[in-house]
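# Results of the structural survey
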Amino acid sequence: MTEPLLGPDEVLDVLVPSRALAAAAESVSPRVRAHRWAPADGPPTGDAARSKVWVPRSGGAPFPDEEFFAALPDLRVVQLLSAGAERFAGRLPEGVALCNARGAHTPATAEWAVAATLAAQRGLPFFVREQDAGRWTPRTHHSVVGASVLVVGAGDIGRTIGRMLAGFDVELTYVARTARDGVHPTSALPDLLPDADVVVVIVPVTDETIGLVDAEFLAAMKDDALLVNAARGVVVDTDALLAELTAGRLRAALDVTEPEPLPEGHPLWQAPNLLLTPHVGGDIPGTNERAAAAVTEQLRRILAGEPLVNVVGDY
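Residues numbered from 1 in each chain as written. Predicted model: local features only at pLDDT ≥ 70, side-chain atom pairs only at ≥ 80, totals over all residues. Heavy atoms only, no water.

### Topic: the layout of surface pockets
- Volume-wise, the second largest pocket comes out at about 490 Å³.
- The residue inventory of the lining of the second largest pocket, partitioned by class, reads 12 nonpolar, 7 polar and 4 charged. (1 Å grid on protein atoms, 1.4 Å probe; cavity = no way out; pocket = protein on both sides within 12 Å on 5 of 7 lines; lining within 4 Å. Points joined across faces, edges and corners; volume = space filled by probe spheres on them. Nonpolar A, V, L, I, M, F, W, Y, C, P; charged D, E, K, R; others polar.)

Put into structure tokens, the structure is as follows:
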């Protein structure tokens, strides 16, 4: 989208999910008018129906129906509060750009990946259970220092994970869909997986990455290696991972699962060698503010006639 979305003095109407975000949006300029609206409220009406930008609520809210979009003839941008865009990619009306909040969740998600790796490698879940049971049980587990770490996904978050792990003198290898300097293509995974002590998965959801970590992928990992999934649950074949965990051959740390939320009684709850958190990798103080800043920066660019940023193309 190269043409300006607004005339020099035109008002920018924006649909937002909360009062806080409405206040942040309107603080950008007197030309911004924010309207609190959600698909559950039905098709937008009145001034809200003139909105050129829609900021959806984060999370798993239902995707809006055709009536919602039909009521927004001027809609040109959907600006997400998340980095993940799989719920919207390829589903918007023609001429509507999709933008994510790249960077807003980077520090938190990278921190979770590193924290989970450290905890799993040093056996902290085991020691917490022993503490709860009142048992003093010395045991040697694994180490991050000097480990061979394969990061599958060389985007903003993957690179940040690598920088955070660099202080542990790890042997770091990156894999991504497209090979470039210092990054191997995904076609190289069969050759790289057998040498990795830790495999961190941080890829976007695409047709190519759904089920990427399948039985063949897991079988290629070395015995007792650790899989860390900070991406999305659908990237990993749950049944294949359960088989490896139950057999005791692999270990895992997951912040995301398929299905999600994980239902009561699901086998993953009792799987051995698993550290599991409920999709909280991006949840730290300041994350909401960073996401709001991504929105306000996009609005500023629109008002200034500048190109959009963080446009999700071939996601």
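Resuming the write-up.
### Looking at the environment of G182
- Here G182 shows up in the loop between strand 7 (171–176) and strand 8 (183–185).
- The exposed category is assigned to G182, whose relative accessible area is 53%.
- Residues G182 and A154, 28 residues apart in the sequence, show an inter-C-alpha distance of 9.6 Å. (Helix = DSSP H or I, 4+ residues; strand = E, 2+ residues; numbered from the N terminus. Buried < 20%, exposed > 50% of the residue type's maximum accessible area, 1.4 Å probe, protein only.)

### Notes on empty space enclosed by the protein
- Applying the stated criterion to the full structure yields 1 cavity of 30 Å³ or more.
- Estimated volume of the largest cavity: approximately 50 Å³.
- Residue lining of the largest cavity: N229, G233, V236, T238, L241, L254, V256, T257, E258 and L268, and that is the complete set.
- A breakdown of the residues in the lining of the largest cavity according to their chemical character gives 5 nonpolar, 4 polar and 1 charged.

### Examining the packing of aromatic side chains
- Enumeration according to the criterion identifies 7 aromatic pairs in this entry.
- Centroid distance W54 to F69: 6.1 Å. Interplanar angle 75°. Geometry classified as edge-to-face. With W54 in strand 3 (residues 53–54) and F69 in helix 2 (residues 66–70), the pair connects residues that are 15 residues apart, well separated along the chain.
- According to the relative accessible area criterion, W54 is buried, its value standing at 2%.
- Put simply, the rings of W54, F63, F68, F69 and F88 pair up and form one aromatic cluster.
- The aromatic ring of F63 is capped on one face by R91, whose charged end is 3.9 Å from the ring centroid. (Phe/Tyr/Trp six-rings, centres within 6.5 Å; stacked < 30°, edge-to-face > 60°. Lys NZ or Arg CZ within 6 Å of the ring centre and 35° of its normal.)

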